[in-house]
Amino acid sequence: MAQISLKDVSKIYKGGVKAVDAANLEIKNKEFMVLVGPSGCGKSTTLRMVAGLEDISDGQIHIGDRLVNDVPAKDRDIAMVFQNYALYPHMTVYENMSFGLKLRKYPKEEIEKRVNEAAEILGIKRMLKRRPKQLSGGERQRVALGRAIVRKPKVFLFDEPLSNLDAKLRVQMRTEIHKLRLRLQTTFIYVTHDQTEALTLGDRICVMKDGKIQQCADPMTIYDYPTNKFVASFIGSPPISFLEGRIIKKGQKYYFDEGKISVKLVEEMYKAIKPYEGKEVIFAIRPEDIYDKLFVSESSPDNTIRAACEVVEPLGSEVYLYLNTGKQTFIARVGAHNRPEVNRDMDLVFDMSKVHFFDPKTEQRIS
C-alpha cells in the first residue's frame, strides 16, 4: 500500500524562513493528488520532503505504514520527474532509462524488458538509441517519465513537469499523464502552479499559500465551494470577480448593494447572510455565471444590473467582457455571438444561485 501521511510537517530554513507550516495531508493509495499554488507557496518543498531530498524541520511523514523521516531518498521506493527533465546528455535514451536499474544491479534481461515496456507505453521505442539533444521538449519529458516508470515505484512524484513545454504540448502531455495514471494504478503527487492542470488531472487538489494548506478537496468542490477568497481567486480562468458592498434588507428580502448596483440574494443564502445585515461583505461571481440580457430568455430586475463594457476580447468559441459598474470592475465570459459595443452601457444578468460571499476581515467564505 502506498498511502502517504503528512502530520504537522514543517520546513524552516536558516533565518527563520518558514517554507511549509504544519502541513497535514492524507493521500490515499492509488490517488492522484495535485499540490497547487503560486510560486513560493511551499508546494515543491513539500514534494521534496516526501521524496527525501529535503530534511523536515518538524512533524512526521509516513509512506505506507513506514515512518520515513530519516530514510534516505533511494530507500523510499519513490520515483520523481523533474521540471528540467534531468537527463544525462552523454547517454542514449535507453541508457538514461536503464541507469537507475543498473545501479540497483538488476539483471540485464529484466532491465531490457522494463525499458522496452515503458518505451512502448510512451511511444518512444524508436528513439531508444538517440541522445537527449536529438529530442524535442515533449520527447525528453517522455524519457523522464519512462525513467520513472521502469523503477515500478510505490509513488510517483512530479515537480511541474510540463512548465517548459509550449501550450499545445502541455495539453498533449496532460492527456498522456492521465492515461499513464490509469494504466499504472499507483499513487501520484503532482506539483503545479497551473490551475488548469490541477483541475483536469487531480482526484483531489491541495491549494497552498505561504506554506499553509488552504483547502484540500476534489476539483469541483474546490471550484464550487472555495473555502476562502484566495482559493476562489486562484482556481478558475478567467479569475472570479470580487465586488465590495453591503448586505441590506428590504422587507423580508436580502440584497447585495455595491453602491451603483443592487441584486437580490436567493432564499437559500438568507440564514448564512443574516448576521451580516448592514455590514460590509465581499461578493464574488465567476465570469461564466454572468449573461448578456439580450440572450437570456428569463430575467428579473432583482438579478439584472447595468454596467459599462470597457473591453471586448473575442476568443473564438467565447468572448471575455471587461465591465465597470462605475465603482468597480468585473469580467463576464459569454458566448461567441455576443459583440457589445465598447464604452457603452449594457444590461447583464447574474446567476445568483452561483455567487459567493466572503468576510472582508477573515476572507473566509460565508456559507
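Because the structure is predicted, anything quoted here is derived from the model rather than measured.

(A) The arrangement of the overall build of the protein in detail. The helix and strand inventory of the protein stands at nine helices and 20 strands. With 367 residues in all, the protein has 49% of them scored as buried. For the protein, contacts bridging at least 24 residues in sequence account for 65% of all contacts bridging at least 6. Roughly 17900 Å² of accessible area belongs to the protein as shown, and the carbon and sulfur atoms make up 48% of that amount. The positive charge centre, built from 58 side chains, and the negative charge centre, built from 49, are 6 Å apart in the protein.

(B) How the structure looks around the sheet that holds strand 14 (residues 280-285). Taking strand neighbours across the sheet as the criterion, the five strands line up as 13-12-11-14-20 in an open arrangement whose pairing is antiparallel. Either end of the sheet is taken by a strand with one partner, and the two such strands are strand 13 (262-264) and strand 20 (356-358). Taking each pair of neighbouring strands and ignoring which way they run, the sheet shows an average axis angle of 40°. Of the strand pairs in this sheet, strand 14 and strand 20 are connected by three bridges, and their pairing is antiparallel. Within strand 20, the residue paired with Ala284 across the bridge is His356.

(C) Representation of helix 5 (residues 167-184) within the structure. The end-to-end C-alpha distance of helix 5 is 26 Å, a good match for the 26 Å that 18 residues give at a rise of 1.5 Å each. By the burial criterion, the buried members of helix 5 are Leu169, Met173, Arg174, Ile177, Leu180 and Arg181. Burial along helix 5 is one-sided: seen end-on, the buried residues are contained in an arc of 140°. Exposed residues lying more than 90 degrees from the buried face of helix 5 are Lys168 and Arg183. Contact partners of the buried residues in helix 5: strand 3 (32-36), helix 3 (108-122), helix 4 (137-149), strand 8 (187-192) and helix 6 (195-201). Where helix 5 begins, the side chain of Asp166 points an oxygen toward the backbone nitrogen of Lys168, at a separation of 3.2 Å. At the exit of helix 5 stands Gln185, carrying a positive phi of roughly 50°.

(D) Quick look at helix 4. If you check helix 4, its first and last C-alpha atoms are 18 Å apart, about what 13 residues at 1.5 Å a residue would give, namely 18 Å. Extensive coverage of helix 4 is indicated by the burial of eleven of its 13 residues. Along helix 4, the residues that are buried comprise Gly138, Glu139, Gln141, Arg142, Val143, Ala144, Leu145, Gly146, Arg147, Ala148 and Ile149. Where helix 4 is buried, its residues contact strand 6 (78-81), helix 2 (93-103), helix 3, strand 7 (155-159) and helix 5.

(E) Molecular detail of the packing of aromatic side chains. Under the counting rule described, the total for this entry stands at 15 aromatic pairs. Between Phe283 and Phe357, the ring centres sit 5.6 Å apart and the planes meet at 70°, which makes this aromatic pair edge-to-face. Of this pair, Phe283 sits in strand 14 while Phe357 is found in strand 20, placing the two residues 74 residues apart along the sequence. Given a relative accessible area of 3%, Phe357 falls into the buried group. Members of the aromatic cluster, joined through ring pairs, are Phe32, Phe156, Phe158, Phe188 and Tyr190.

(F) Molecular detail of the environment of Lys327. Mapped onto the fold, Lys327 is located in the loop between strand 17 (318-324) and strand 18 (329-335). C-alpha of Lys327 to C-alpha of Gln195: the two residues are 132 residues apart in sequence and 29 Å apart in space. When neighbours within four sequence positions are excluded, Lys327 is seen to be in contact with Glu258, Gly259 and Lys260. Among the polar contacts made by the side chain of Lys327, one reaches the main-chain carbonyl oxygen of Glu258 at a distance of 3.0 Å.

(G) Highlighting the side chain of Thr45. Turning to its location among the elements, Thr45 is positioned in helix 1 (residues 43-51). Accessibility expressed as a relative area gives 14% for Thr45, which makes it buried. Ignoring any residue separated from it by four or fewer positions in sequence, one finds Thr45 in contact with Lys11, Tyr13, Ala19, Val20 and Glu54.

(H) Representation of unusual backbone geometry. With omega at -5°, the peptide bond leading from Ser237 into Pro238 counts as cis. With respect to the secondary-structure elements, Pro238 resides in the loop between helix 8 (229-234) and strand 11 (241-250). Even without being a glycine, Lys105 presents a positive backbone phi close to 65°. Inspection of the secondary structure puts Lys105 in the loop between helix 2 and helix 3.

(I) Molecular detail of the pairing of strand 9 (residues 204-209). Across the six residues of strand 9, five count as buried, placing the element largely inside the fold. Here four bridges tie strand 3 to strand 9, and the two strands are oriented parallel to one another. Following the sheet pairing, Val34 is matched in strand 9 by Ile205. In this sheet, strand 10 (residues 212-217) lies alongside strand 9 in antiparallel orientation, the contact comprising five bridges. Following the sheet pairing, Met208 is matched in strand 10 by Ile213.

(J) Main features of the pattern of salt bridges. Under the criterion given, the structure shown has 17 salt bridges. Lys43 is the salt-bridge partner of Glu160, the closest N and O atoms lying 3.9 Å from each other. Of this pair, Glu160 sits in the loop between strand 7 and helix 5 while Lys43 sits in helix 1, and the two are 117 residues apart along the sequence. Residue classification places Lys43 among the buried residues on the basis of a relative accessible area of 4%. Linked through salt bridges whose partners overlap, the residues forming this network are Lys11, Arg48 and Glu54.

About the criteria used
Residues numbered from 1 in each chain as written. Predicted model: local features only at pLDDT ≥ 70, side-chain atom pairs only at ≥ 80, totals over all residues. Heavy atoms only, no water. Helix = DSSP H or I, 4+ residues; strand = E, 2+ residues; numbered from the N terminus. Buried < 20%, exposed > 50% of the residue type's maximum accessible area, 1.4 Å probe, protein only. Contact = heavy atoms within 4.5 Å. Areas by Shrake-Rupley, 256 points an atom, 1.4 Å probe, with all protein chains shown as cover. Lys, Arg positive; Asp, Glu negative; His and termini not counted. Charge placed at Lys NZ, Arg CZ, Asp CG, Glu CD. Pairing = 2+ DSSP bridges. Axes fitted to C-alpha atoms, helices over the stretch in contact; angles between N-to-C directions. Expected span 1.5 Å × (residues − 1). Arc of directions from axis to C-beta. Polar contact = N/O pair within 3.5 Å; in protein donor to acceptor, adjacent residues only side chain to side chain. Phe/Tyr/Trp six-rings, centres within 6.5 Å; stacked < 30°, edge-to-face > 60°. Salt bridge = Lys/Arg side-chain N within 4 Å of Asp/Glu carboxyl O.

Read these as spatial facts, not as claims about activity.
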